[in-house]
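The lines below spell out each chain.
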Amino acid sequence: DTGVSQDPRHKITKRGQNVTFRCDPISEHNRLYWYRQTLGQGPEFLTYFQNEAQLEKSRLLSDRFSAERPKGSFSTLEIQRTEQGDSAMYLCASSPPGGTEQFFGPGTRLTVL
Amino acid sequence: DQQVKQNSPSLSVQEGRISILNCDYTNSMFDYFLWYKKYPAEGPTFLISISSIKDKNEDGRFTVFLNKSAKHLSLHIVPSQPGDSAVYFCAASGVDNFNKFYFGSGTKLNVKP
């Protein structure tokens, strides 16, 4: 399967713990995006990378959140000191050079107890 | 601030009939619009898009109409099939940043056999 993959698919953690999610984009896609989706809402933009450069961050991305894409391939999203309000589906997407469509992965569902 | 709105949380249609899903936006800088379909436990899947230079785009059973003056777009599915049952998201991006998609809250379509 050559689609966007995300790991883990589900994560349950206790408030105050740190969590890290991984996204592997489609091969040769140079742009990578992170979104957050809560119940009953559409995906909300968090940040995006072109190759290894993080070009935009939403104000939703508080200082507890950090994203990296060190080699321009896979990306990680870390949430420090998780709060119950962080419970959501975290979606990753990628786009090819020159393309406008974003291809989404299956998401990581985070539950903070 | 919800810049893309889908005011109908759900829609039920008989198989073979037309499904019409609506979407409104507020930002006049949006110039590219997309529809995504989402099944449970999967990420959103691209369905169809339209640029602001057009008012209609067709792909098989799916047609998207854009009314720029009304800041309104709609997705028509004809004929509807039970496999079309899913949540449909409208998304938009702007001339100033085509990488940042703004999503509506989704409409859950149920096509009854």
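Our subject is the structure that appears above.
As the structure is a prediction and not an experimental result, all values here were calculated from the model. (Residues numbered from 1 in each chain as written. Chains lettered and ligands numbered in written order. Predicted model: local features only at pLDDT ≥ 70, side-chain atom pairs only at ≥ 80, totals over all residues. Heavy atoms only, no water.)

1. Comments concerning the pattern of salt bridges
Residue and element names in this part refer to chain A. To keep things clear, this is the line we draw: Salt bridges are defined by distance alone: a side-chain nitrogen of Lys or Arg within 4 Å of a carboxyl oxygen of Asp or Glu. Going along the chain from the N terminus, every DSSP run of H or I of four or more residues is numbered as a helix, and every run of E of two or more is numbered as a strand. Think of it in three bands: residues with accessible area under 20% of the maximum for their type are buried, residues over 50% are exposed, and the middle band is partly exposed, with areas taken using a 1.4 Å probe on protein chains only.
One pass over the full model with this rule turns up 6 salt bridges over all chains. Where Arg64 meets Asp86, a salt bridge forms, and the shortest distance between an N and an O atom there is 2.8 Å. Of this pair, Arg64 sits in the loop between strand S6 (53-57) and strand S7 (65-68) while Asp86 sits in the loop between strand S8 (75-79) and strand S9 (88-95), and the two are 22 residues apart along the sequence. Accessibility classification places Arg64 together with Asp86 in one group, the buried group.

2. Topic: the packing of aromatic side chains
Rules: Pairing of aromatic rings covers Phe, Tyr and Trp, the last counted by its six-membered ring, and requires centre-to-centre distances within 6.5 Å; plane angles under 30 degrees mean stacked, over 60 mean edge-to-face, and any other angle means tilted.
Applying the stated criterion across every chain yields a total of 15 aromatic pairs over all chains. Between Phe45 of chain A and Tyr48 of chain A, the ring centres sit 6.5 Å apart and the planes meet at 55°, which makes this aromatic pair tilted. Here Tyr25 of chain B and Phe33 of chain B contribute two aromatic rings whose centre-to-centre distance is 4.7 Å and whose plane-to-plane angle is 40°, an arrangement assigned as tilted. On the accessibility criterion, Tyr25 of chain B (6% relative accessible area) is buried. Among the residues examined, Phe33 of chain B registers a relative accessible area of 1% and is labelled buried.

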